[in-house]
Amino acid sequence: MKGIVGDAWKLKEHFNYLAITTNGFVKTNEHAVMGRGIAKQAKDKYPGIDHLLGKKIQALGNHVHLLTADLVSFPVKHNWWEEADIELIKRSCNELMAFLGTNERILLPRPGCGNGKLKWEEVKKVIEPLLDDRVYIIHLDERYLK
């Protein structure tokens, strides 16, 4: 995995995909909860994506899913109110690597480190062996890349 600084939405065009960190909670209206962070930004930019993700979670479970031609879900939580689950993040890393084509690249915000309340130093140790150089971990501030 590589680190990169910048705005994910502005850099997205230079990558095959942007990963959206998500949870597995689906409301009674079949919409996934996408209320904070990059998930909320995606919901605001792509109306109806919360319903699409909700249907995929109901049908296929809380897994990595292709949402649009260039957006991929990346589960970090089971429920929106919980802290991120490092075991779920590990599974999502493995699923993401299986999903990516040989020459495809993806932007991934630090999984579980925003609203998931995990510390990047701890998450990095766990995911670094699982992700190769097709995955770019994006952060807005270069001071936090290390």
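Residues numbered from 1 in each chain as written. Predicted model: local features only at pLDDT ≥ 70, side-chain atom pairs only at ≥ 80, totals over all residues. Heavy atoms only, no water.

A. Broad picture of the layout of surface pockets. Computed from the structure, the largest pocket encloses a volume of approximately 900 Å³. Taken together, 38 residues make up the lining of the largest pocket; nearest its centre are Thr 21, Gly 37, Ile 38, Gly 114 and Asn 115. Only helix H1 (8-11), strand S2 (17-23), helix H2 (37-45), strand S3 (71-77), helix H5 (120-127) and strand S5 (135-139) provide two or more residues apiece to the lining of the largest pocket. Taken together, the residues of the lining of the largest pocket sort by class into 16 nonpolar, twelve polar and ten charged. (1 Å grid on protein atoms, 1.4 Å probe; cavity = no way out; pocket = protein on both sides within 12 Å on 5 of 7 lines; lining within 4 Å. Points joined across faces, edges and corners; volume = space filled by probe spheres on them. Helix = DSSP H or I, 4+ residues; strand = E, 2+ residues; numbered from the N terminus. Nonpolar A, V, L, I, M, F, W, Y, C, P; charged D, E, K, R; others polar.)

B. Spotlight on unusual backbone geometry. Even without glycine at this site, Glu 30 takes up a positive phi of about 70 degrees. Relative to the helices and strands, Glu 30 resides in the loop between S2 and H2. For Glu 30, a relative accessible area of 28% gives the class partly exposed. At Lys 117, a position not held by glycine, the phi torsion is positive, near 70 degrees. Relative to the assigned elements, Lys 117 resides in the loop between strand S4 (106-109) and H5. Residue classification places Lys 117 among the exposed positions, given a relative accessible area of 54%. (Buried < 20%, exposed > 50% of the residue type's maximum accessible area, 1.4 Å probe, protein only.)

C. Spotlight on the pairing of S4. Neither face of S4 is exposed, since Ile 106 and Leu 108 on one face and Leu 107 and Pro 109 on the opposite face are all buried. Where S2 meets S4, two bridges bridge the pair, whose relative direction is parallel. Of the residues in S4, the one forming a bridge with Tyr 17 is Ile 106. Here S4 runs beside S5; their pairing, made up of four bridges, is parallel. The residue of S5 that forms the bridge with Ile 106 is Val 135. (Pairing = 2+ DSSP bridges.)

D. Here's a closer look at the packing of helix H4 (residues 86-99) against H5. The interhelical angle for the contact between H4 and H5, taken along N-to-C directions, is 45 degrees, at an axis separation of 10 Å. Considered as vectors, H4 and H5 are oriented oblique to each other. Where H4 crosses over H5, the handedness of that crossing is right-handed. Across the interface between the two elements, Ile 86, Ile 89, Lys 90 and Cys 93 from H4 touch Val 123, Val 126 and Ile 127 from H5. Of the residues that constitute the contact of H4 with H5, the class distribution is six nonpolar, no polar and one charged. (Axes fitted to C-alpha atoms, helices over the stretch in contact; angles between N-to-C directions. Parallel < 35°, antiparallel > 145°, perpendicular 65-115°, else oblique. Left-handed = near helix turned anticlockwise from the far one by under 90°. Contact = heavy atoms within 4.5 Å.)

E. A look at the environment of Phe 74. Along the chain, Phe 74 turns up in strand S3. Its relative accessible area of 0% is what places Phe 74 among the buried residues. Setting aside residues no more than four positions away along its own chain, Phe 74 makes contact with Ala 19, Ile 20, Thr 21, Thr 22, Val 64, Ile 89, Ser 92, Cys 93, Leu 96, Leu 108 and Pro 111.

F. The environment of Thr 21, seen in detail. Structurally, Thr 21 can be placed in strand S2. Residues Thr 21 and Arg 110, 89 residues apart in the sequence, show an inter-C-alpha distance of 8.6 Å. Residues within four places of Thr 21 in sequence aside, it is in contact with Ile 38, Ala 39, Phe 74, Val 76, Leu 108, Pro 109 and Pro 111.

G. Fine view of the side chain of Asn 79. Checked against the element boundaries, Asn 79 lands in the loop between S3 and H4. Here the side chain of Asn 79 touches Glu 82 through a polar contact of 3.1 Å, side chain to side chain. (Polar contact = N/O pair within 3.5 Å; in protein donor to acceptor, adjacent residues only side chain to side chain.)

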